[in-house]
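# Summary of structural features
Below, each chain spelled out in residue letters.
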Amino acid sequence: MEHTNNDNGASVTQPAEGNPVVDPLLRLTGATSDEPVNVPTTEASDSTFRDGSDLHEGKYFSTKKDLKRKLSDIAMKGNFEFRTRKSNRSLWVIECIDPNCSWRLRASKIVPESTKFVIRKYVGVHSCSLLKKNANHRQATYVVIGEQVAPQYVGVEKGPGPKGVQTFVRTKLGAQISYYKASRGRKHAHTLIRGSLEQSFHILPSYFHMLEKLNPGTVTRIEVDGESRFKYLFLAFGVEIRVATAQDSNGQCYPLAWGIVDSENEDAWTWFLTQLKEVIGDTDKLALISDRAPSIKKAISTVFEKAHHGACAWHVAQNIKNKFKCADIMGSYWSAVSAYRCEDFAGYMTEISHRYPRVAEYLENEVGFEKWSRCHYPGLRYNITATNMVESLNSMLVNARDFPYVALLDVIQEKISKWWNDRRIVAMAITAPLTPSRESEFRPRFAQSNGRHTLQLNPVTYHVKGGELEGVVDIFNKTCTCKEFDIDKLPCVHAIAAAHHAQVKGKAKDFKVPIDRQV
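The sections below set out a description of the structure shown in this document. (Residues numbered from 1 in each chain as written. Predicted model: local features only at pLDDT ≥ 70, side-chain atom pairs only at ≥ 80, totals over all residues. Heavy atoms only, no water.)

Moving on, we come to the overall build of the chain. Looking only at helices and strands, the chain has 19 helices and 18 strands in total. Here the contacts in the chain between residues at least 6 apart in sequence split such that 56% fall between residues at least 24 apart. Here the chain has roughly 28,800 Å² of accessible surface; of this, 50% comes from carbon and sulfur atoms. (Helix = DSSP H or I, 4+ residues; strand = E, 2+ residues; numbered from the N terminus. Contact = heavy atoms within 4.5 Å. Areas by Shrake-Rupley, 256 points an atom, 1.4 Å probe, with all protein chains shown as cover.)

Encoded structure:
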């Protein structure tokens, strides 16, 4: 028996003259040196089939992991399984799961110091029965599936669900996998694309540092416990205005700050609101609207001494329907919520009290009129009655809320950046003195004001008649007896009629109220 090296450096056994051919993979098959076997053919015949790959002896791979990934892909697409006969840091030997099959591969490091692997011996033809082909094989691990499906999650928030992963593996890889394995593969793909929670936590400080550096005015906070484990996160993107509100002048959602906490309790809310107070301050003109969770209520009263807390009218409505089973009273309830004048509010509450006394008692004593009613609210609630803007933000992040922290913050930053740019483009095209939504809102009010009769009572007070409701307007203090001007801080029909009358008389400058600019 003679041994030589081929061009790829692999050892090749040459039979001596007159001796039978001996399998070059004797050590792999377990045969002894005196047990001659036939060399596996490399060409497919009627009783054999190729694995369909482009592998060959001498092919290099950057790492053993790359080689294993390649073989798993080949096995899944070919619907066959292989098993490992020997594996260590410098060697990997595999063979078909059928011990009588000729398919096998041997690969090793180029040199001990390198990470590169080279295929030393490869027989790509199966001599096993087709009955051995299996679509539910061991190579379809959740790790391999995750690596294969990972590109489906690049640049998107959601990507395919477990059933979508099953379809992908079946159509692209020819394998059948369970829902559970598809779910684990999907989770692994998310980790490959977005990182793990642990990785995300470790890079948060540097991530926040770059946010503050590239976005002047941005405020970030990270809170950990005594063992340096994550508790809270706060982020308020820098803006160019001094005070940010929950609604911009065009009636659109204006996110103030973002927070991630370990649980929704009083401590977490107190910490978050404390950070928020540093950003927006505390004033009696500030309205904080939330659901009626005790932890939020207590935290607001602790942190904000001047601001006024109001209850989300939508959550109160849901409580009424669930607790008293009286959905048919909701029309009167919402009319009471929206009433500007206390006398109108009292009329709607009388209707509720006559039909459902317990509901009226609940709204007055347990919730409190001042928490949900527009006309009884002690501060400036403007036109905000519910937390629908917060719910909109929650729905915006429904697909990203389980992402690692940095990946989630990237989604938030991307969406906010797009919002600001889209709104900037709209703002640049505006030629009117008001924003588009206010123009749309005031247009019918101007039309209604034209038919009103206005009587000037003194230099700043006007009595406006006509229509369903009369109004007495103090154009200097921006009030009207209809209360719309007082609460919304936007001119009502009476205020517009009074301002128009003042301008016709040439006295508008005396009141220093540029009506077209006060939004």
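For any pair of aromatic rings, the description consists of the separation of the ring centres together with the inter-plane angle of the planes. Counted according to the given criterion, the structure contains 11 aromatic pairs. Members of the aromatic cluster, each reached through a chain of ring pairs, are Tyr-333, Trp-334, Phe-345, Phe-369 and Trp-372. A cation over an aromatic ring shows up here: Arg-381 above the ring of Tyr-377, its NZ or CZ 5.4 Å from the ring centre. (Phe/Tyr/Trp six-rings, centres within 6.5 Å; stacked < 30°, edge-to-face > 60°. Lys NZ or Arg CZ within 6 Å of the ring centre and 35° of its normal.)

Before going further, it helps to spend a moment on the sheet that holds strand 11 (residues 230-236). Reading across from one edge, 10-11-12 is the order of the three strands in this open sheet, with antiparallel pairing throughout. The sheet is open, and its two borders are formed by strand 10 (219-224) and strand 12 (258-261), each paired with just one other strand. Averaged over all pairs of adjacent strands, the angle between their axes in this sheet comes to 5 degrees, without regard to strand direction. With six bridges connecting them, strand 10 and strand 11 associate as antiparallel partners. Residue pairing in the sheet places Val-224 in a bridge with Phe-230 of strand 11. Of the strands in this sheet, strand 11 and strand 12 touch helix 15 (residues 405-428), which is tilted by about 165 degrees from strand 12. (Pairing = 2+ DSSP bridges. Axes fitted to C-alpha atoms, helices over the stretch in contact; angles between N-to-C directions.)

It is worth spelling out the pairing of strand 8 (residues 117-123) at this point. Burial analysis of strand 8 places six of its seven residues in the buried class, which makes it a mostly covered element. Here strand 4 (residues 60-61) pairs with strand 8 via two bridges, running antiparallel. The residue bridging Phe-61 from the neighbouring strand is Phe-117, located in strand 8. (Buried < 20%, exposed > 50% of the residue type's maximum accessible area, 1.4 Å probe, protein only.)

What follows deals with unusual backbone geometry. A positive phi angle is found at Lys-483, which is not glycine, with a value near 75 degrees. Given a relative accessible area of 37%, Lys-483 falls into the partly exposed group. Its identity is not glycine, yet Lys-489 carries a phi of approximately 60 degrees, on the positive side. Tracing the chain through its elements places Lys-489 in the loop between helix 17 (484-488) and helix 18 (493-504). In this structure Lys-489 comes out as partly exposed when scored by relative accessible area, which is 35%.

The next point concerns the sheet that holds strand 17 (residues 471-474). Think of a sheet as strands paired side by side through backbone hydrogen bonds, with each pair either parallel or antiparallel. Pairing in this open sheet of four strands is antiparallel, and the strands run 15-16-17-18 from one edge to the other. On the outer flanks of this sheet lie strand 15 (453-458) and strand 18 (479-480), each paired with one strand and no other. Taken together, the five bridges between strand 15 and strand 16 (residues 461-465) define a ladder with antiparallel strand orientation. Across the sheet, Gln-456 pairs through a bridge with Tyr-462, a residue of strand 16.

Under the criterion given, the structure shown has 17 salt bridges. Across the salt bridge formed by Lys-121 and Glu-57, the nearest N and O atoms sit 3.5 Å from each other. With Lys-121 in strand 8 and Glu-57 in the loop between strand 3 (49-50) and strand 4, this pair connects stretches of sequence that are 64 residues apart. A salt bridge links Arg-69 to Asp-66; its shortest N-O distance comes to 2.9 Å. One end of the pair is Arg-69 and the other is Asp-66, both in helix 2 (residues 64-78) and three residues apart, which spans about a single turn. Overall, the relative accessible area of 27% leaves Asp-66 in the partly exposed class. (Salt bridge = Lys/Arg side-chain N within 4 Å of Asp/Glu carboxyl O.)

Interhelical geometry of helix 2 versus helix 3 (residues 142-149) gives an angle of 90 degrees and a closest axis separation of 11 Å. Classified by the angle their axes make, helix 2 and helix 3 are roughly perpendicular. Facing Lys-65, Arg-69, Ser-72, Asp-73 and Met-76 of helix 2, the residues of helix 3 in contact are Val-144, Glu-147 and Gln-148. Among the residues making up the contact of helix 2 with helix 3, the classes are represented as two nonpolar, two polar and four charged. (Parallel < 35°, antiparallel > 145°, perpendicular 65-115°, else oblique. Nonpolar A, V, L, I, M, F, W, Y, C, P; charged D, E, K, R; others polar.)

Checked against the element boundaries, Ala-257 lands in the loop between strand 11 and strand 12. Take Ala-257: its relative accessible area is 18%, and that puts it in the buried class. Separated by 39 residues in sequence, Ala-257 and Thr-218 place their C-alpha atoms 9.8 Å apart. Not counting residues within four places of it along the chain, the set of residues in contact with Ala-257 comprises Phe-234, Leu-235, Ala-236, Phe-272 and Leu-276.

Structurally, the position occupied by Arg-292 is in the loop between strand 13 (287-290) and helix 8 (294-303). For Arg-292 and Gly-310, which are 18 residues apart along the polypeptide, the C-alpha to C-alpha distance reads 8.8 Å. For Arg-292, the side chain forms a polar contact with the main-chain oxygen of Glu-366, separated by 3.4 Å. (Polar contact = N/O pair within 3.5 Å; in protein donor to acceptor, adjacent residues only side chain to side chain.)

What follows deals with a nonpolar patch on the surface. A cluster of nonpolar residues, Tyr-60, Ile-110 and Val-111, forms a patch on the protein surface that exposes about 260 Å² of accessible area. Checked against the element boundaries, Tyr-60 lands in strand 4. (Patch = residues over 30% accessible without salt bridge, like charges linked within 9 Å, V, L, I, M, F, W, Y side chains within 5 Å.)

Grouped together as the largest cluster of nonpolar side chains are 27 residues, with contacts concentrated most on Phe-208 and Leu-409. Once residues within four sequence positions are removed from consideration, Leu-409 is found in contact with Leu-204, Tyr-207, Phe-208, Leu-233 and Leu-235. (Core = buried A, V, L, I, M, F, W, Y, C linked by side-chain atoms within 4.5 Å.)

The end-to-end C-alpha distance of helix 5 (residues 179-194) is 22 Å, a good match for the 22 Å that 16 residues give at a rise of 1.5 Å each. Inspection of helix 5 places Ala-182, Gly-185, His-188, Ala-189, His-190 and Arg-194 among the buried residues, and these make up the whole buried set. At its buried positions, helix 5 is contacted by helix 3, helix 4 (162-173) and helix 15. After helix 5 finishes, the residue Gly-195 shows a positive phi value of roughly 85 degrees. (Expected span 1.5 Å × (residues − 1).)

Everything listed here is a matter of geometry and, on its own, says nothing about what the molecule does.
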